[in-house]
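What follows is each chain in one-letter form.
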Amino acid sequence: MTEPSSIYLDYAATTPVDPRVAEHMAACLTRDGCFANPGSSHAAGQAARAAVEQARAEVAALLGAAPAEIIWTSGATESDNLAIKGVADNDPGRHIVTAKTEHKAVLDSCAFLADNGCELSYLVPADNGVVTPSQVAGALREDTLLVSIMHVNNETGVINDIAAIGALCRERGVLFHVDAAQSAGKIPIDVAQMPVDLMSFSAHKLYGPKGMGALYVRDNVRLRLQAQIHGGGQESNLRSGTLATHQIVGIGEAFRLARLELDEEMQRLAGLRERLWNGLQRLGDVHINGHPEQRAPGFLNVRFGGVGGESLQFALRDLAVSSGSACLTTSAQGSYVLRALGLSDAEAMASIRFSLGRFTTTAEIDQAIERVSREVTRLRELAPDEGIPHAADGQS
Amino acid sequence: MTEPSSIYLDYAATTPVDPRVAEHMAACLTRDGCFANPGSSHAAGQAARAAVEQARAEVAALLGAAPAEIIWTSGATESDNLAIKGVADNDPGRHIVTAKTEHKAVLDSCAFLADNGCELSYLVPADNGVVTPSQVAGALREDTLLVSIMHVNNETGVINDIAAIGALCRERGVLFHVDAAQSAGKIPIDVAQMPVDLMSFSAHKLYGPKGMGALYVRDNVRLRLQAQIHGGGQESNLRSGTLATHQIVGIGEAFRLARLELDEEMQRLAGLRERLWNGLQRLGDVHINGHPEQRAPGFLNVRFGGVGGESLQFALRDLAVSSGSACLTTSAQGSYVLRALGLSDAEAMASIRFSLGRFTTTAEIDQAIERVSREVTRLRELAPDEGIPHAADGQS
Amino acid sequence: MRYSELVTDHFEHPRNVATAAGGRVGRAGDRRRGAIVEFYLELDNGRVASLRFRAWGCPHTIAVASWLTGALADREQQTLLPLELDNIATELGLPTDKWHCILTAEDALRAALEEKDS
Amino acid sequence: MRYSELVTDHFEHPRNVATAAGGRVGRAGDRRRGAIVEFYLELDNGRVASLRFRAWGCPHTIAVASWLTGALADREQQTLLPLELDNIATELGLPTDKWHCILTAEDALRAALEEKDS
Ligand SMILES: Cc1ncc(COP(=O)(O)O)c(C=O)c1O
Ligand SMILES: Cc1ncc(COP(=O)(O)O)c(C=O)c1O
Ligand code: FES
Ligand code: FES
């Protein structure tokens with residue numbers, strides 16, 4: 001249980017399941033529900049199978065994809081692994097392009113391949129966090145097999161121009177994977193317009209269940225992918241394991257709701273985010289990390305001058321937000337994503353990601369502004385007068 | 001929804017979630033529950049983390065293991081993949097012993113390794129389905145890395161002597177993996193008594209959620225295992241991906257209930273199984289597949305002489321049971337497990353697995369006997385008098 | 001496997017099951033191939049006077065045989081063969097991989113016609 | 001990161017914060033290493049008459065400095081150093097990787113003692 005007074009502004013870490021989604025899930029769990037194995041041929045199994053296929057159509061609908069292009073996985077981590085390693089296993093030893101600001105699931109899949117004969121190029125984005133098409137173009141080689149660039153960054157909310165990067169890849173005959181865990185349901189996606197070959201999704205970033213994900217595999221790319229989990233041959237042999245009906249029904253309903261509510265929710269969140277930013281700016285010496293406009297609506301990543309990162313986090317512990325970790329001399333480190341944007345470790349640690357979502361209210365935003373302002377002011381007042389960098393300090 | 005009149009006797013395919021488990025899961029889904037990311041450092045995240053660790057202790061308790069020896073996965077399929085490929089990746093090119101009657105998740109992981117430089121030996125059990133320690137002993141070589149033999153077979157319920165096979169492996173310095181997806185919660189398991197190094201589990205075989213599993217990794221074997229899914233470094237770096245709190249809480253509660261109710265339930269199911277068998281035997285020309293005694297209580301796999309397999313299945317479609325598939329001339333085939341026990345394809349297809357579980361009642365068993373008897377009798381009467389093999393036919 | 005309503009009906013309620021021998025007996029199929037059909041045919045003046053069956057195999061085999069006993073009732077001997085496979089398959093909603101079930105029935109019917117009255 | 005009740009209390013309600021300059025000022029730490037502590041010490045007759053602080057860094061740094069201002073009140077100048085690191089760490093429940101926070105405070109205290117009255 002979260003404490004009653006706690007304000008949840010960590011929707012990019014995970015979202016609660018929407019009650020409407022939870023209801024659908026509950027109907028697939030117990031004896032009186034759709035609990036059977038979707039692989040069983042009896043009537044109960046076929047009812048479960050129908051629910052699974054309906055969910056597949058809903059997930060496809062949010063992306064403008066065909067249902068057959070959706071593969072169920074256990075989350076975006078697995079989707080990223082399947083996409084990247086699955087492509088490389090099919091065509092080993094070639095060159096792969098990605099960026100330093102990708103999620104660990106992409107970076108560690110790439111690191112694994114680097115240990116196993118692939119060559120990797122890691123793009124470093126500009127200070128605004130954007131990976132540009134021309135950077136990608138500059139990194140492509142004769143033997144490039146795959147480019148993996150995320151849609152929306154999970155720490156800053158910065159949006160990459162997937163359509164342009166995809167067009168480039170297609171022109172050069174290179175496969176293109178996109179980690180869209182943070183964009184689905186937050187900004188529009190249309191695979192008919194975006195020349196993407198593989199795209200990773202996670203249910204728990206848009207009010208569906210944790211432990212459930214999907215991989216979009218463009219029809220003509222299916223055969224270029226090797227399964228990573230072997231067994232019963234589910235999901236056209238690309239992902240074995242009993243299908244988790246309740247989880248699948250959950251992701252389906254979550255994607256359906258996201259599709260219906262996307263436009264309205266984008267506007268609402270953008271408004272709340274501006275309100276938060278305006279409130280925090282009054283503190284002075286507060287800075288946005290990442291591109292100030294090219295960002296998904298729910299994200300605000302800011303750094304505060306004049307306070308220690310760990311103290312800021314501890315002072316704001318009633319606020320569920322994301323932040324770097326302890327000080328330089330302990331083993332913990334500031335975010336590697338923010339470091340890639342040119343921030344010092346201390347700056348990265350004094351940064352906080354506010355991520356807003358479906359249940360965020362104006363009152364919560366106002367309370368958050370008040371708590372942050374109170375604590376930042378208090379900590380700044382506690383600090384020695386000199387030598388503590390405020391806005392004047394160029395580096396901060 | 002299953003039809004109201006349908007009787008579910010397919011608990012080995014999957015079980016409904018116990019309502020007590022569903023209740024715990026529901027409490028981890030929505031905003032008022034324990035929904036946060038167990039990897040987040042704020043209070044909400046730490047509450048989720050605590051729930052995850054409590055569940056780990058419950059899973060460990062059913063096995064006599066230490067909590068730190070339990071790794072969360074998305075199911076037994078993934079556990080089998082992680083165990084087998086994870087060990088082989090760490091020490092490539094060596095010899096592996098398994099059996100023809102293993103689950104596809106084991107066989108296909110092994111087939112993948114066979115394509116990638118490992119040598120495989122596949123044991124064929126006796127007609128009773130038991131893989132004996134002496135068979136394993138006969139297959140071990142100087143360069144054998146791993147033996148993978150299941151505890152309880154998913155089609156026949158036959159139990160292998162894991163303690164004896166494990167002792168043998170330990171003596172020879174060979175790693176031992178056991179797929180225990182069908183034994184956990186059905187017969188006792190104690191890793192303190194069983195020299196097992198790796199053991200796979202699935203929640204949905206014992207009234208927990210689908211899409212959730214665990215791998216037991218004996219403490220001193222951890223370093224011999226390579227992760228198969230890379231990313232955020234969860235589960236001591238052995239399995240990345242956001243932990244699915246509700247799923248984990250579900251497996252924890254499922255294992256807890258299974259531990260508390262194991263002895264009583266074993267007795268009850270054995271009684272129901274005997275009642276079913278006695279009822280079916282009155283038909284004549286009915287035969288048990290697999291060892292008649294060395295079996296987990298809930299399983300009864302029988303073949304019926306004198307009826308076509310597909311017709312039997314269609315006639316019994318109101319009964320949710322497992323069976324082979326269509327006739328020889330269509331592409332579908334009888335169970336490879338039953339074929340490995342020496343059955344012809346036609347016999348395998350005229351076989352039915354009844355698997356009983358927590359919600360099975362005496363009334364359901366009696367109804368099942370009545371329906372099966374009525375349909376088998378009807379189909380036998382419809383068949384030409386001569387040439388249709390009944391009990392007299394040696395092969396059937 | 002999908003079963004049409006007509007197949008289901010004939011499988012559940014087979015028509016004209018031969019409960020005793022009588023007439024010409026034609027038999028086809030074998031256990032290995034997964035289907036056996038027996039027809040019991042009585043002719044009267046070159047017309048089908050009685051057609052009964054027994055069958056072992058898949059639901060389609062049973063349904064096809066049962067359905068044929070009705071569809072061919074009263075028909076002239078000359079017009080019985082060959083069976084109109086296409087039409088039968090369509091009428092009964094047979095999947096394409098199930099056509100061999102009709103062939104087994106056709107073979108049994110041919111055998112019955114070739115048989116002397118018993 | 002775990003914080004003991006005592007650390008939490010001193011972090012939330014720091015004692016003896018120096019709101020104005022006065023006494024000997026000792027400072028240690030730097031921004032790079034993540035902690036800065038300033039003590040403002042007044043001695044009277046070889047005893048601590050007033051000890052106040054300012055700090056920037058992690059919660060432990062702030063708590064240690066705040067706690068020391070109380071623990072060292074009234075103490076004889078001679079007995080101030082070296083700090084009993086073990087005891088302080090135990091008292092405040094400091095994780096082992098946080099000992100350097102006490103060292104920063106010790107350095108600041110030493111600097112203050114070495115300073116002339118300002
Ligand atoms: C961009 C991105 N990719 C991948 C993931 C991993 O998703 P999952 O937790 O479903 O494995 C996340 C979130 O954790 C993410 O933000
Ligand atoms: C013996 C055995 N191993 C593995 C599995 C796979 O488990 P899961 O469905 O959790 O992937 C099953 C059941 O499907 C099984 O019976
Ligand atoms: S007899 Fe083979 S499918 Fe009908
Ligand atoms: S100042 Fe480094 S952890 Fe305290």
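A short note on the overall build of chain A
1) Next: If you tally the helices and strands in chain A, you get 11 helices and 13 strands.
2) Next: Taking 2.2 N^0.38 as the reference for a compact globule, 396 residues should give roughly 21 Å; the C-alpha atoms of chain A span a radius of gyration of 22 Å, in line with that estimate.
3) Next: Dimensions of chain A along its principal axes, counting C-alpha atoms only, are 75 × 55 × 35 Å.
4) Next: By the burial criterion, 66% of the 396 residues in chain A qualify as buried.
5) Next: Considering only residue pairs separated by 6 or more positions, chain A has 72% of its internal contacts joining residues 24 or more positions apart.
6) Next: As displayed, chain A has an accessible area near 13400 Å², and 48% of this comes from carbon and sulfur atoms.

Remarks on the sheet that holds strand S5 (residues 144–148) of chain B
Residues and elements named next belong to chain B.
1) Next: Strands sit in the order S2-S8-S7-S6-S5-S3-S4 across an open sheet of 7 strands; the sheet is mixed. Both outer strands of the open sheet, strand S2 (70–73) and strand S4 (119–123), are each paired with one neighbouring strand and no more. Going across the sheet, the axis of each strand differs from the next one's by a mean of 20°, ignoring polarity.
2) Next: Sheet analysis places strand S7 (residues 198–202) next to strand S8 (residues 213–217), joined by 5 bridges and oriented antiparallel. Each residue of the ladder has a partner; that of Leu198, found in S8, is Val217.
3) Next: Here helix H3 (residues 76–90) sits on the sheet and contacts S2, strand S3 (95–99), S5, strand S6 (175–179), S7 and S8; the angle it forms with S7, its principal contact strand, is near 160°.

Quick word on the packing of H3(B) against helix H4 (residues 104–114) of chain B
All names here are of chain B.
1) Next: Following both chains from N to C, one finds H3 and H4 inclined at 30°, their axes separated by 9 Å at the closest point. Here H3 is positioned roughly parallel relative to H4, judged by the angle of their axes. Along this stretch, H3 crosses H4, giving a crossing that reads as right-handed. Between H3 and H4, the residues in contact are Thr77, Asp80, Asn81, Ile84, Lys85 and Ala88 and Ala105, Val106, Ser109, Cys110, Phe112 and Leu113, respectively.

Here we look at the site of ligand 2
1) Next: Residues in contact with ligand 2 amount to 15 residues; listed here are only the nearest, A:Thr242, B:Thr77, B:Asp179, B:Ser202 and B:Lys205.
2) Next: Surrounding ligand 2 are residues belonging to chains A and B, so the site spans chains.
3) Next: A total of 390 Å² of accessible area belongs to ligand 2 in isolation, and the protein chains cover 95% of it.
4) Next: Ranked by the residues each element gives to the shell around ligand 2, the list is headed by H3(B), at 3 residues.
5) Next: Considered class by class, the residues forming the shell around ligand 2 number 3 nonpolar, 9 polar and 3 charged.

A few points about the confidence of the model for chain A
1) Next: With 93% of its residues at a pLDDT of 70 or more, chain A has an overall mean of 92.
2) Next: Overall, residues 387–396 of chain A carries pLDDT values under 50, and its contacts beyond four positions in sequence, including any with other chains, amount to 23 contacts.

With respect to the site of ligand 1
1) Next: If you check the shell around ligand 1, you find 15 residues, and the closest are A:Thr77, A:Asp179, A:Ser202, A:Lys205 and B:Thr242.
2) Next: The environment around ligand 1 is built from residues contributed by chains A and B.
3) Next: Here an oxygen atom of ligand 1 sits 3.0 Å away from a polar atom, N or O, in the main chain of A:Ala76.
4) Next: Within the contact set of ligand 1, an oxygen atom lies 2.8 Å away from a side-chain nitrogen or oxygen of A:Gln182.
5) Next: Protein contacts shield 95% of the accessible area of ligand 1, which totals 390 Å² for the unbound molecule.
6) Next: A total of 3 residues in the shell around ligand 1 trace back to one element, the largest contributor, which is helix H3 (residues 76–90) of chain A.
7) Next: A breakdown of the residues in the shell around ligand 1 according to their chemical character gives 3 nonpolar, 9 polar and 3 charged.

Rules and cut-offs
- Starting from 1, residues in each chain are numbered consecutively following that chain's sequence as written.
- Key to labels: chains lettered from A, ligands numbered from 1, both in the order written.
- Under the rules for a predicted model, residues below a pLDDT of 70 receive no local features and side-chain atom pairs below 80 are neither given nor counted, while totals for whole chains, interfaces and linings still include all residues.
- Based on all heavy atoms of the structure, the side-chain values leave hydrogens and waters out of the count.
- Put simply, DSSP H or I for four residues or longer makes a helix, DSSP E for two residues or longer makes a strand, and each gets a number counted from the N terminus.
- Throughout, the radius of gyration refers to the C-alpha atoms, and the reference size of a globule is 2.2 Å times the residue count to the power 0.38.
- For each residue, the accessible area found with a 1.4 Å probe, counting protein chains only, is set against the maximum for its type, and the residue is called buried under 20%, exposed over 50%, and partly exposed in between.
- It only takes one pair of heavy atoms within 4.5 Å for two residues to be counted as in contact.
- To measure how exposed things are, a 1.4 Å probe is used in the Shrake-Rupley method; for residues, cover is taken only from the protein chains shown.
- For two strands to pair, DSSP has to find at least two bridges joining them.
- In this analysis, axes come from line fits to C-alpha atoms, helices being fitted only over the stretch in contact, and the angle between any two N-to-C directions falls in the range 0 to 180 degrees.
- Working definition: roughly parallel below 35 degrees, roughly antiparallel above 145 degrees, roughly perpendicular at 65 to 115 degrees, and oblique for all remaining angles.
- By definition, turning the near helix anticlockwise from the far helix through less than a right angle yields a left-handed crossing, and turning it clockwise yields a right-handed one.
- For this description, a residue counts as near a given molecule or strand if any of its non-hydrogen atoms is within 4 Å of it.
- Note on residue categories: nonpolar means Ala, Val, Leu, Ile, Met, Phe, Trp, Tyr, Cys or Pro, charged means Asp, Glu, Lys or Arg, and polar means any other residue, Gly included.
- pLDDT is defined as a per-residue confidence score from the predictor, taking values between 0 and 100.
- Within 3.5 Å is the distance limit for a polar contact, defined as a pair of N or O atoms, with the added protein rule that one can donate a hydrogen and the other accept it, and that residues adjacent in sequence qualify only through two side-chain atoms.

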